[in-house]
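# Working through the structure, step by step
Here's the letter readout for the chains.
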Amino acid sequence: MSLTAWAVLFYLLLQFGIGIWASRRIATEDDYLVAGRKLGYPLGIFSIFATWFGAETCIGAASDIAANGISVTTAEPFGYGLCIILMGLVFAVPLWKKKLTTLADLFRDRYSIGVERVAAIFLIPTSLFWSGAQIRAFGSVLSSVTELEIGIAIGVAAGIVILYTAVGGLLADAVTDLVQGVTLVVGLVVVLVASVLHFGGPAEAVAVVRDLPRPSPAPVTPLETLEAWAIPVLGSVVATELIARVIATRTPTIARRSAVTAGGIYVAIGLIPAFIGLVGAAIVPDLSDPEQLLPAVAEALLPSALYAIFAGALISAILSTVDSALLIASGLLSHNILLPLMPRVEERTKVRMARLGVAGFGVIAFLIAVNSSSVMSLIEQSSAFGSAGTLVIVCFGLFSRLGGPRAAMAALFGGMGSYIAGSAAGISTPYLASLAVSLVAYVAVAVGESMTAAPGRGAP
């Protein structure tokens, strides 16, 4: 077995070790799903950063830029970085003060139990798409370092992810995120320096970027450009994975500052895979699988020992993202759908149900991964699928008393239905259309209800 394979094995064993350590500190559902709300600045910042800085940035963005170049519709890394900063500036404090366990709790408290359950059902697929993307990326990296066939590698990746996530919960994830985040940042900086030196220095690297032939991007309309940016920024700003990290911090100030800082780090470090996407073809020409571009460049430029560390850190970063998504999906199912039907359940049973949910959803995420075309396609689906209605009812739920359960239901079903219909019809801006439909549906129903309920309305 190669040095790189040994390094990957070491990282995986380390993950399991931390998971077992954390499992001994899990006594309640809150301990498992939101780390007991004990995260401080180091864990808060790097947990948010590492959760978001996964497959879509390291694997998907680099391969997408290598294949399609950069255009006005290239939102990564700025789109998701802005999304995290927006979460910190606008949503983090009011969400933290609600003392939620899952996002769907907000919908129960503000609207109704029915809205809570429908929203949970709508939110679960987004986490599964996200998990599928990470598992696919994990399989790509594992394939590149072990020479396993990609389908087998994805299967192995799914098995490892399911076991690791079921054991440790969010506390294990937050602890490993700190180590993984720092290691990945250092590894990417080393790859960046090696890439620049490979071309002879900064000036020569810039010249390579300028002179390399790039595919001509297809012409896009202003609305299509807005769609490309709205999906990562608005489609993910109230993503359940991000909210779970924010509400797991100790104070609202830590929640806000951790998100803003993590967003800044995301943008700064996310420029490195984008750069690799631009120059990668000059370093590793004729690469058969574009999704292996970043690990292939690292392998070509780094000594064996450094590449082994980098590959392990990359896999660890992907693990830190996928286990979050599986935890969220399981939490929504157990906490918001099943447990309300089972009164007087012990905390031990709640944790067991959440772990079983992780295992079941992990299998579904594996099936999504092996049947998808690319990492980025899954990321876009997870950001856009049903998220328009969620954003609308979160905004009204936190910042306005306008509207009730019927308005929330109208926004959820209107957004989901219009997105599915728009995607099926092939329109170029299905997310913007679903966002508009959700907003109009919510306001129309809310205003209609308020007018009907107004005293004396309609009197002669």
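Scoring rules and cut-offs
Residues numbered from 1 in each chain as written. Predicted model: local features only at pLDDT ≥ 70, side-chain atom pairs only at ≥ 80, totals over all residues. Heavy atoms only, no water. Phe/Tyr/Trp six-rings, centres within 6.5 Å; stacked < 30°, edge-to-face > 60°. Axes fitted to C-alpha atoms, helices over the stretch in contact; angles between N-to-C directions. Helix = DSSP H or I, 4+ residues; strand = E, 2+ residues; numbered from the N terminus. Parallel < 35°, antiparallel > 145°, perpendicular 65-115°, else oblique. Left-handed = near helix turned anticlockwise from the far one by under 90°. Contact = heavy atoms within 4.5 Å. Nonpolar A, V, L, I, M, F, W, Y, C, P; charged D, E, K, R; others polar. Buried < 20%, exposed > 50% of the residue type's maximum accessible area, 1.4 Å probe, protein only.

### Notes on the packing of aromatic side chains
Remark: the centre distance and the inter-plane angle together describe each pair of aromatic rings, the angle taken between the planes. If you walk through the whole model with that rule in mind, you get 5 aromatic pairs. Taken together, Tyr111, Phe396 and Tyr442 form an aromatic cluster joined through their ring pairs.

### Things to note about the packing of helix α6 (residues 103-110) against helix α17 (residues 387-399)
Where α6 meets α17, the axes come as close as 10 Å, and the angle between the chain directions of the two elements is 55°. With respect to their mutual orientation, α6 and α17 come out oblique. The element α6 and its partner α17 pack so that their crossing is left-handed. Contacts between α6 and α17 pair Leu103, Leu106, Phe107 and Arg110 from the former with Thr390, Ile393, Val394, Phe396, Gly397 and Leu398 from the latter. Across the contact of α6 with α17, the residue classes tally to 7 nonpolar, 2 polar and 1 charged.

### Looking at unusual backbone geometry
Phi angles above zero are rare outside glycine, and Lys99 is one such case at about 55°. In this fold, Lys99 is placed in the loop between α5 (78-97) and α6. Look at Lys99 and you get partly exposed, because its relative accessible area is 46%.

### Re the environment of Ala282
The topology assignment puts Ala282 in helix α12 (residues 252-283). Looking at Ala282, the relative accessible area reads 34%, which means it is partly exposed. A C-alpha to C-alpha distance of 9.5 Å links Ala282 and Val209, two positions 73 residues apart in sequence.

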